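Summary of the model geometry
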Amino acid sequence: MALLCDNISLYIHFRLEGVRERFTETSTEFDNARKRAKKAKQVFEKVKRERFDRFMKCFDHVSNRIDDIYKVGQGLCFLF
C-alpha cells in the first residue's frame, strides 16, 4: 500500500510540475502578446492622428479657397 501511495504522490508531483511549466509558458506568451498589442495600438493611434491632422489641413485649405472664390464670384455678379 505504501508503494502505491508513493507512486500516486510521485505522479501528482510530476503532473503539478507540468502544469506549473505550462502556466509559466502561457503567462509569458500572454505578456508578450499584450506588449505587442499595446505597441500596435500606439502605432495605430499615431497614424490615425497624423491622418486626421493632414485631412484637416487639406480641408481648411480647400475651405478657405472656396470661400475666396465665392466671395469674388458674388462681387462680380453685382457688377452686372
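Residues numbered from 1 in each chain as written. Predicted model: local features only at pLDDT ≥ 70, side-chain atom pairs only at ≥ 80, totals over all residues. Heavy atoms only, no water.

Attention shifts here to the overall build of the chain. Check the secondary structure of the chain and you find one helix and zero strands. Counting the 80 residues in the chain, one finds 0% classified as buried. Working note: accessible area of the chain is about 8100 Å², and carbon and sulfur atoms make up 64% of it. (Helix = DSSP H or I, 4+ residues; strand = E, 2+ residues; numbered from the N terminus. Buried < 20%, exposed > 50% of the residue type's maximum accessible area, 1.4 Å probe, protein only. Areas by Shrake-Rupley, 256 points an atom, 1.4 Å probe, with all protein chains shown as cover.)

Using the criterion set out here, one finds one aromatic pair in the structure. Centroid distance Phe55 to Phe59: 6.0 Å. Interplanar angle 25°. Geometry classified as stacked. Of this pair, Phe55 and Phe59 are both found in helix 1 (residues 2–79), four residues apart, which corresponds to roughly one turn of the helix. Here Phe55 falls in the exposed class, since its relative accessible area comes to 52%. (Phe/Tyr/Trp six-rings, centres within 6.5 Å; stacked < 30°, edge-to-face > 60°.)

The next thing to look at is a nonpolar patch on the surface. A cluster of nonpolar side chains, contributed by Ile8, Tyr11 and Ile12, occupies part of the molecular surface with about 310 Å² of accessible area. For Tyr11, the location among the structural elements is in helix 1. (Patch = residues over 30% accessible without salt bridge, like charges linked within 9 Å, V, L, I, M, F, W, Y side chains within 5 Å. Salt bridge = Lys/Arg side-chain N within 4 Å of Asp/Glu carboxyl O.)

So, on to the pattern of salt bridges. Two side chains carrying opposite charge are able to pair once their charged atoms lie near each other. All chains considered together, the criterion is met by three salt bridges. Close ionic contact of Glu17 with Arg20 constitutes a salt bridge, the shortest N to O distance being 3.2 Å. Within this pair, Glu17 and its partner Arg20 are both found in helix 1, separated by three residues, close to a single helical turn. Residue classification places Glu17 among the partly exposed residues on the basis of a relative accessible area of 28%. For Arg20, a relative accessible area of 47% puts it in the partly exposed group. A salt bridge links Asp31 to Arg34, with the nearest nitrogen and oxygen atoms 2.8 Å apart.

All quantities given are derived from atomic positions and should not be read as evidence of function.
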